[in-house]
Amino acid sequence: MNQPSRLRVENLNVFYGQNQVLKNISLALPDNRITVIIGPSGCGKTTLLKSLNRLLDEQEGVRVEGRVLLDGQDIYQPGADITLIRKRMGLLSQKPQVLPMSIYDNVAFGPRLLGLRDRRVLDGLVEKYLRLAGLWDEVKNRLQEPAARLSIGQQQRLCLARGLAVEPEVILGDEPTSALDPQSSRNVETQLLSLKENYTIVLVTHILRQAKRLADYVAFLYFGELIEFGPASEVLVSPRDSRTRAYITGEIS
């Protein structure tokens, strides 16, 4: 693969206690593309995703070996700034988790944490990122309403806007449409496709149809091993490994 990549995984092993969940994973995630991680339940997809911005640190008994490199710097090296790492690589989780405040304040939350106080600048940022998330036209006249009043699909796009507002370089998505109805799912997918021009996107999904709609590159995990990684047109259409083929055809699930 000749695509430029600022985010790389090298010889990554992850253990939960004595149980090894990821086994010697190495891959380079292409810049400004959508990489989709697929595989059966329990194969390590979410663990791999959360290893990319050190969200695994929040779980007890987890041990990580190997390296995750962002612009050549190992995010697991001693003294790494975890807050900065997570700013650079935001996570969109399965279920939207809006903050108990207004729509406006949800988007402004991150910039305010970073010290921004100018109301006019904040107004501009809130509009900018709600537009990027495809939500502005639906909420522009109700910005002071509680975010919890939004539909689940709108809440997920609000979470996307909130994540974008701290100006990450990478967007991570852990089955970000699994709790949504089909139309809301399609809205989120549309925004992700439009965002890849400016962001590197890594998604976990259990829906092969979604992988086919979104993926530029696909990583197939099986029992904690990276079985196959490459362009979606190759992995999803003519996989090299029989296990990948069996998963795509539904023989294993």
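Only a predicted model underlies this, so the values are computations on that prediction, with no experimental measurement involved.

1. What to know about the pairing of strand β4 (residues 62-70)
Next, step 1: Pairing of strand β1 (residues 7-16) with β4 involves 8 bridges; the strand directions are antiparallel. Residue pairing across strands places R8 opposite L69, the latter belonging to β4.
Next, step 2: In this sheet, strand β5 (residues 73-74) lies alongside β4 in antiparallel orientation, the contact comprising 2 bridges. Bridge pairing in β5 links L69 to D74.
Next, step 3: Linking β4 back to β5 in an antiparallel pair, the connection comprises 2 residues, with D71 at a positive phi of about 55 degrees.

2. What about the environment of Q155?
Next, step 1: Within the element layout of this structure, Q155 appears in helix α6 (residues 152-164).
Next, step 2: In sequence terms Q155 and I103 are 52 residues apart; their C-alpha atoms lie 9.2 Å from each other.
Next, step 3: Side-chain polar atoms of Q155 contact the backbone oxygen of L150, separated by 2.9 Å.

3. Examining the sheet that holds β1
Next, step 1: If you walk across this open sheet you meet the 4 strands as β2-β1-β4-β5, and the pairing is antiparallel. Only two strands of the sheet have a single neighbouring strand rather than two, namely β2 (19-29) and β5.

4. With respect to the layout of surface pockets
Next, step 1: In this structure, the largest pocket encloses a volume near 940 Å³.
Next, step 2: For the largest pocket, the lining is made up of 27 residues, of which R86, G90, L91, R162 and G163 are closest to its centre.
Next, step 3: For the lining of the largest pocket, the secondary structure elements donating two or more residues are α2 (82-88), β6 (89-92), α3 (103-113) and α6.
Next, step 4: When the residues that make up the lining of the largest pocket are grouped by side-chain class, the tally is 11 nonpolar, 9 polar and 7 charged.

5. Points about the UniProt feature "domain: ABC transporter" (unreviewed entry) in the protein chain
Next, step 1: Cross-referencing UniProt, the feature "domain: ABC transporter" (unreviewed entry) maps to residues 7-248 in the present numbering.
Next, step 2: Structurally, residues 7-248 is divided into 36% helix and 26% strand, and its ends, taken at the C-alpha atoms, are 27 Å apart.

6. So, helix α4 (residues 119-132)
Next, step 1: Spanning 14 residues, α4 covers 20 Å between terminal C-alpha atoms, matching the ideal 20 Å at 1.5 Å per step.
Next, step 2: Of all the positions in α4, only L122, L125, V126, Y129 and L130 are classed as buried. Down the axis of α4, the sector holding all buried residues measures 125 degrees, keeping them to one side.
Next, step 3: Between a side-chain oxygen at the N-terminus of α4 and the backbone nitrogen of R120 the separation is 2.9 Å; the capping residue is D118.

About the criteria used
Residues numbered from 1 in each chain as written. Predicted model: local features only at pLDDT ≥ 70, side-chain atom pairs only at ≥ 80, totals over all residues. Heavy atoms only, no water. Pairing = 2+ DSSP bridges. Helix = DSSP H or I, 4+ residues; strand = E, 2+ residues; numbered from the N terminus. Polar contact = N/O pair within 3.5 Å; in protein donor to acceptor, adjacent residues only side chain to side chain. 1 Å grid on protein atoms, 1.4 Å probe; cavity = no way out; pocket = protein on both sides within 12 Å on 5 of 7 lines; lining within 4 Å. Points joined across faces, edges and corners; volume = space filled by probe spheres on them. Nonpolar A, V, L, I, M, F, W, Y, C, P; charged D, E, K, R; others polar. UniProt positions renumbered as here; feature names shortened; annotations may be inferred. Expected span 1.5 Å × (residues − 1). Buried < 20%, exposed > 50% of the residue type's maximum accessible area, 1.4 Å probe, protein only. Arc of directions from axis to C-beta.

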